[in-house]
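# Structure assessment
Given next are the chains, with one letter for each unit.
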Amino acid sequence: MKLDKLPILPVLLLIAVLAGGYGIYKNLEFREIQYFSAATDEVRTNPLLAAARLLRDTEGFTFELAEDRGVFSKLLESNIGVLWLRDVSILEDQREAESILNWVRSGGVLLVSPAGRNTFDGSTIPGEFMSKLGLVSLLDESESSADLSESRILGEANPVLLPDNALNETVITHFSEYKAYFKVSPRADRKSKTIINTPHLVHRTYGKGFVTVYSDEESFDNDKISKTNQTYLLLWLTQPARYKNLTIIHRLADKPGLFSELWRKFPIAILIFCVTLVGFLRWASLRLGPVEQELPPIKNNLIAHLEARGTFWHKNKATASVLKEVQQAAIGKLLPHRSKTGHSTELSESDLSSVIKLASEQLDCSLNESRNMLFGETRTNAALLRTTKALQKLLHRKQLKP
């Protein structure tokens, strides 16, 4: 290639671009800046999201946040391994409490917090629920109410001894901002075994399942679970679960009504039904009206009278005699030069031929057909109708003057 044909200018531009890019890369300084962003909707609606993700990433749990109160009626039907009730005061119906208790007896693992000593006040549903779990208020007749007047304290870590010899470290710390306000009842079911008994956390058996009650409902929340080593405590408490799934109950909407439940389960069937109904209503709106219109209520109704008379004749097999009269009238119409004739036997041969020929011309049919219409007998309803229509044409046809 000759030197005068080399693309000198493009080559120089490419070299300049590469040199400039290298110089910018060597002289620029990159810094990583960390900043706090607002919490996502998932974090705001689920304060136990970090704990649930911990169980998912370490133990393979799947988790969901319950949306409505229908979760209580479906506990025994679903394969829920761990039920986490963040605040027991959310229970509003005795049936909800019984449903949870029956589920735990069948082998479930329940994590629950009374969320303050007010839970044990009076004969409330949460108070009865905690009593059936074997826990009562720490405040009794011998203690002063002033001792528990301030339930919230400065957050502190409380030691928890795990009775598990397989662990390298058996003393775990649990974070709480409450003073101690509950204890295991002396009247608790003797069949239930208390595994951990501390002022802030109690872990007991209940039927075939396990119940963990902790004092501070916020101790496992997203912003506090990393304190101390209570994440390991959470893993130990959930290890007896038969199924690796977790249901969290935080805030619940009312149980869906019948129509909401039907729409949730059968949306396609409902849509098909609605489309079919709309199509049927559209088709029905295009109808001109009823097939038969009701006759006006007139006493002297000629059409009704004739219809009834014809029906009577037909039922009594008198149609042949009536037809004979119409045939004679038609013959008389075709022979105006004659007086009223009697039977066909009274006609002469010339008149008979003339009548048949004239009827054939006026009805545009063969001589044999006109003969049958004027002198024949009908055996079927269809033949009677054809003959009657032809005779009516002859009777109402204007005759030409000779």
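Quick note: structure is the one above.
Residues numbered from 1 in each chain as written. Predicted model: local features only at pLDDT ≥ 70, side-chain atom pairs only at ≥ 80, totals over all residues. Heavy atoms only, no water.

### Focus: the overall build of the protein chain
Along the protein chain, the regular secondary structure elements total 14 helices and 11 strands. Classification of the 402 residues of the protein chain by burial places 33% in the buried group. Nonlocal contacts in the protein chain, meaning residues at least 24 apart in sequence, comprise 69% of its contacts between residues at least 6 apart. Accessible surface, the protein chain as shown: approximately 27,300 Å² in total, 57% of it carbon and sulfur. (Helix = DSSP H or I, 4+ residues; strand = E, 2+ residues; numbered from the N terminus. Buried < 20%, exposed > 50% of the residue type's maximum accessible area, 1.4 Å probe, protein only. Contact = heavy atoms within 4.5 Å. Areas by Shrake-Rupley, 256 points an atom, 1.4 Å probe, with all protein chains shown as cover.)

### Concerning the packing of aromatic side chains
Across all of its chains, the model carries six aromatic pairs by this definition. With a centroid separation of 5.9 Å and 35 degrees between ring planes, the pair formed by Phe280 and Trp283 is classed as tilted. Taken together, the residues Phe280 and Trp283, both in helix H9 (residues 267-285) and three residues apart, mark about one turn of the helix. Residue Phe280 is classed as partly exposed on the basis of its relative accessible area of 47%. For Trp283, a relative accessible area of 54% translates into the label exposed. Members of the aromatic cluster, joined through ring pairs, are Phe120, Tyr178, Tyr181 and Phe182. (Phe/Tyr/Trp six-rings, centres within 6.5 Å; stacked < 30°, edge-to-face > 60°.)

### Some thoughts on the pairing of strand S8 (residues 194-197)
Strand direction decides the pairing type here: S8 and strand S9 (residues 201-206), joined by three bridges, are antiparallel. Looking across to S9, one finds that Ile196 is bridged to His203. What sits between S8 and S9 in their antiparallel hairpin is a turn of three residues. (Pairing = 2+ DSSP bridges.)

### Description of the sheet that holds strand S3 (residues 109-112)
The seven strands lie next to each other as S1-S11-S2-S3-S10-S9-S8, forming an open sheet whose pairing is mixed. Sheet topology places strand S1 (62-65) and S8 at the edges, where each strand pairs with a single neighbour. Recorded for the sheet is a direction-independent mean angle of 15 degrees between the axes of neighbouring strands. The pairing of S1 with strand S11 (residues 245-249) spans four bridges and is classified as parallel. Following the sheet pairing, Leu65 is matched in S11 by Ile248. Helix H3 (residues 49-59) contacts S1, strand S2 (82-85) and S11 of the sheet and is inclined by roughly 160 degrees relative to S1. (Axes fitted to C-alpha atoms, helices over the stretch in contact; angles between N-to-C directions.)

### Observations concerning the nonpolar core
Inside soluble globular proteins, nonpolar side chains tend to come together where they are buried. Among the nonpolar cores identified, the biggest contains 33 residues, and Leu85, Ile100, Leu110, Phe129, Leu133 and Ile249 are the most heavily contacted of them. Aside from chain neighbours lying at most four places away, what touches Leu85 is Ile90, Leu91, Ile100, Leu110, Leu111, Val112, Ser113 and Ile249. Residues Leu167, Ile225, Leu234 and Leu246 belong to the second largest nonpolar core, which totals 26 residues. (Core = buried A, V, L, I, M, F, W, Y, C linked by side-chain atoms within 4.5 Å.)

### Some points on the pairing of S11
Of all five residues in S11, four are buried, a share of seventy percent or more. Bridge count for S2 against S11 is four bridges, and the pairing is parallel. Bridged to Val82 within S11 is Leu246.

### Observations regarding the pattern of salt bridges
Within this structure, the stated rule accounts for nine salt bridges. When salt bridges that share partners are traced, they join Arg69, Glu92 and Glu96 into one network. (Salt bridge = Lys/Arg side-chain N within 4 Å of Asp/Glu carboxyl O.)

### Quick notes on the packing of helix H8 (residues 258-265) against H9
Contact geometry for H8 and H9: axes closest at 5 Å, N-to-C directions at 100 degrees. Considering their axes alone, H8 and H9 lie roughly perpendicular with respect to each other. Contacts between H8 and H9 involve Leu262, Trp263, Arg264 and Lys265 from the first element and Pro267, Ile270 and Leu271 from the second. Classifying every residue of the contact of H8 with H9 gives five nonpolar, no polar and two charged. (Parallel < 35°, antiparallel > 145°, perpendicular 65-115°, else oblique. Nonpolar A, V, L, I, M, F, W, Y, C, P; charged D, E, K, R; others polar.)

### Considering the packing of helix H11 (residues 319-334) against helix H13 (residues 367-375)
The packing of two helices is summarised by the inter-axis angle and the distance between the axes. Interhelical geometry of H11 versus H13 gives an angle of 120 degrees and a closest axis separation of 8 Å. By the angle between their directions, the pair H11 and H13 is classed as oblique. Where H11 approaches H13, its residues Lys324, Gln327, Ala330, Ile331 and Leu334 are matched on the opposing element by Asn372, Met373, Leu374 and Phe375. Split by residue class, the contact of H11 with H13 holds six nonpolar, two polar and one charged.

### Comments concerning the environment of Ile80
Structurally, the position occupied by Ile80 is in the loop between helix H4 (70-73) and S2. By relative accessible area, Ile80 is classed as buried at 9%. Placed 161 residues apart in sequence, Ile80 and Ala241 show a C-alpha to C-alpha distance of 8.8 Å. Residue contacts for Ile80: discarding those within four places in its chain leaves Leu75, Trp103, Tyr243, Asn245 and Thr247.

### Brief notes about helix H1 (residues 8-27)
Along its 20 residues, H1 runs 29 Å from first to last C-alpha, staying within 8% of the 28 Å computed at 1.5 Å per residue. Little of H1 is tucked away: zero of the 20 residues are buried. (Expected span 1.5 Å × (residues − 1).)

### What about unusual backbone geometry?
Look at Ala115: it is not a glycine, yet its phi comes out positive at around 60 degrees. Within the fold, Ala115 resides in the loop between S3 and helix H6 (125-132). Phi is positive for Asp364, close to 55 degrees, though the residue is something other than glycine. With respect to the helices and strands, the residue Asp364 is situated in the loop between helix H12 (349-363) and H13. The class for Asp364 is exposed, based on a relative accessible area of 71%.

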